[in-house]
Amino acid sequence: MGTPRIPVFAANWKMNLLRADALGYVARIRAELPPGERRVLLLPPFLLIPEVVAAVGGDPRIAVGGQDLHPEDAGAYTGDVSGRQLRDAGCGFVLCGHSERRADHRETDEMVGAKLRAAQHNGLGPVLCIGESLAERDAGSTAAVLARQLDAALGGASQPPGSGLVVAYEPVWAIGSGRTATPAIAQESHAFVRRHLARRLGGEVATAVPILYGGSVKPDNCAALFGLADIDGFLIGGASLDPGSFLDIIGRCGPSAPEVFS
């Protein structure tokens with residue numbers, strides 16, 4: 001048996017909240033976060049990162065991350081943000097290949113891999129997002145798509161690919177489609193991801209990597225998902241915009257002793 005994985009609860013604010021909202025949010029999380037061995041990760045918009053880092057104030061229970069990064073450290077890339085800049089702003093993590101980036105900004109598997117390597121190069125823990133579309137799900141291609149995305153992202157890493165790695169499975173086909181990813185379906189995909197990580201990185205690394213579920217997590221469905229063997233926490237979108245809802249999810253799922261981010 002490997003070391004038990006510490007649950008991760010990541011709040012992806014996307015393009016939401018203003019400065020006052022963010023400050024109030026962090027204050028409430030710090031005041032009301034229940035005791036428990038867990039990692040809380042806040043992912044604000046770029047403009048709010050310095051404000052959120054300052055509001056967190058070094059609280060060891062909470063880390064801050066970016067929603068995206070450019071593969072290069074600097075250059076003529078108008079509107080982009082580098083891993084070097086994120087680290088300088090106080091981030092410890094960054095999303096790589098979120099489903100909305102893949103769809104809306106046409107990010108390829110190869111580009112996501114370059115971003116993952118840039119994250120590791122700059123000392124950021126990459127949160128690698130993977131998942132299949134509705135057409136891919138209906139074609140029975142889930143395993144092939146997840147394996148392709150993992151292989152492209154992990155290939156050619158300048159550091160051991162498992163270093164600081166978190167994986168987030170997003171069943172894109174179940175988001176806004178009226179279709180439901182049941183707990184059994186979610187566990188099946190997570191178990192496949194862990195088996196594939198074991199083939200790529202070895203069993204010890206695969207056992208240690210947290211795999212988060214990112215498919216419309218809410219207070220009323222989180223507990224049934226959290227209890228499954230290969231679901232180690234959540235990447236939460238809409239339900240994380242309200243600190244009360246986010247705290248509710250954590251309270252329904254968290255264990256019992258405080259944990260410090262390393």
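Residues numbered from 1 in each chain as written. Predicted model: local features only at pLDDT ≥ 70, side-chain atom pairs only at ≥ 80, totals over all residues. Heavy atoms only, no water.

Explain the pairing of strand E6 (residues 166–169) here, please?
Consecutive side chains along a regular strand alternate between the two faces of the sheet. Burial along E6 is two-sided: Val166 and Ala168 facing one way and Val167 and Tyr169 facing the other are all buried. Of the strand pairs in this sheet, strand E5 (residues 125–130) and E6 are connected by 4 bridges, and their pairing is parallel. When the bridges of E6 are listed, Cys129 appears paired with Ala168. (Buried < 20%, exposed > 50% of the residue type's maximum accessible area, 1.4 Å probe, protein only. Helix = DSSP H or I, 4+ residues; strand = E, 2+ residues; numbered from the N terminus. Pairing = 2+ DSSP bridges.)

Is there a simple way to explain the layout of surface pockets in this structure?
A probe as big as a water molecule, rolled over the atoms, marks out the empty space that is left. Considering only enclosed or pocket space, the second largest pocket measures out at about 460 Å³ in volume. If you go around the second largest pocket, you meet 29 residues; those closest to its centre are Ser99, Glu100, Glu170, Val172 and Ile175. Of all the elements in the fold, those that place two or more residues in the lining of the second largest pocket are helix H4 (99–104), helix H7 (142–154) and strand E8 (233–236). At 4 residues, the largest contribution of residues to the lining of the second largest pocket is made by H4. Class assignment for the residues of the lining of the second largest pocket results in 8 nonpolar, 11 polar and 10 charged. (1 Å grid on protein atoms, 1.4 Å probe; cavity = no way out; pocket = protein on both sides within 12 Å on 5 of 7 lines; lining within 4 Å. Points joined across faces, edges and corners; volume = space filled by probe spheres on them. Nonpolar A, V, L, I, M, F, W, Y, C, P; charged D, E, K, R; others polar.)

Which parts of the structure should I look at to understand the packing of aromatic side chains?
A ring pair, where both rings are aromatic, is described by two values, the distance of the centres and the angle of the planes. Applying the stated rule across the entire model yields 6 aromatic pairs. Ring plane angle 45 degrees and centroid distance 6.4 Å describe the contact between Tyr169 and Tyr213, whose orientation is recorded as tilted. Residue Tyr169 is located in strand E6, and its partner Tyr213 is located in strand E7 (residues 211–213); the two are separated by 44 residues in the primary sequence. For the pair Tyr169 and Tyr213, one class covers both residues: buried. Aromatic side chains Phe226 and Phe234 sit 6.3 Å apart centroid to centroid with 50 degrees between the ring planes, which places their arrangement in the tilted category. (Phe/Tyr/Trp six-rings, centres within 6.5 Å; stacked < 30°, edge-to-face > 60°.)

Any chance you could explain helix H2 (residues 49–56) here in plain terms?
Working note: α-helix, 3.6 residues per turn, so residues spaced by three or four point in the same direction. Considered for burial, the residues of H2 that qualify are Ile49, Val52 and Val56. One side of H2 holds all its buried residues, which, seen down the axis, span an arc of 65 degrees. Against helix H1 (19–32), strand E2 (39–43), strand E3 (62–66) and helix H3 (83–89) lie the buried residues of H2. Where H2 ends, the next residue or the one after it, Gly57, has phi of about 60 degrees, a positive value. (Arc of directions from axis to C-beta. Contact = heavy atoms within 4.5 Å.)

Is there a simple way to think about the packing of H1 against H2 in this case?
Two numbers describe a pair of packed helices, the interaxial angle and the distance between the axes. Two elements in contact, H1 and H2, have axes whose closest approach is 9 Å; the angle formed by their N-to-C orientations is 25 degrees. Our classification of the angle between H1 and H2 gives roughly parallel. Taken as a pair, H1 and H2 cross one another with a handedness that is right-handed. Listed contacts from H2 to Arg19, Ala22, Leu23, Val26 and Arg30 of H1 are Glu51, Val52, Ala55 and Val56. (Axes fitted to C-alpha atoms, helices over the stretch in contact; angles between N-to-C directions. Parallel < 35°, antiparallel > 145°, perpendicular 65-115°, else oblique. Left-handed = near helix turned anticlockwise from the far one by under 90°.)

Which parts of the structure should I look at to understand helix H5 (residues 109–121)?
With 13 residues, H5 should cover 18 Å at 1.5 Å per step; its first-to-last C-alpha distance of 18 Å lies within 8% of that length. Listed in full, the buried residues belonging to H5 are Asp109, Val112, Gly113, Lys115, Leu116, Ala118, Ala119 and Gln120. On its buried side, H5 packs onto strand E4 (93–96), H4, E5 and H7. Backbone geometry just after H5 places Gly123 at a positive phi near 75 degrees. (Expected span 1.5 Å × (residues − 1).)

Mind showing me how you'd approach the nonpolar core here?
Nonpolar side chains tend to gather and get buried jointly when the protein is soluble and globular. Counting residues in each nonpolar core, the largest one holds 62 residues, and the members touching the most others are Leu42, Val52, Leu197, Tyr213, Phe234 and Phe246. When residues no more than four places from it in sequence are discounted, the contact partners of Leu197 are Leu150, Leu154, Val167, Gly202, Ala206, Val209 and Ile211. Membership of the second largest hydrophobic core comes to 13 residues, among which are Ala10, Leu41, Val127 and Cys129. (Core = buried A, V, L, I, M, F, W, Y, C linked by side-chain atoms within 4.5 Å.)

Whenever I open this one, the state of the cysteines confuses me. Can you help?
In the structure shown here, the tally under the stated rule is 0 disulfides. Of the cysteine sulfurs around Cys253, a residue in no disulfide, the closest is that of Cys222, at 3.6 Å. By relative accessible area, which is 5% here, Cys253 ends up buried. (Disulfide = S-S within 2.5 Å.)

Quick question: what am I supposed to make of the confidence of the model for the protein here?
In regions of low pLDDT, the predicted coordinates are not meant to be interpreted in detail. Mean pLDDT over the protein works out to 91, with 92% of the residues at or above the 70 mark. This stretch, residues 256–260, has a pLDDT under 50; its non-local contacts, to residues over four places away or in other chains, come to 17 contacts. (pLDDT = per-residue confidence, 0-100.)

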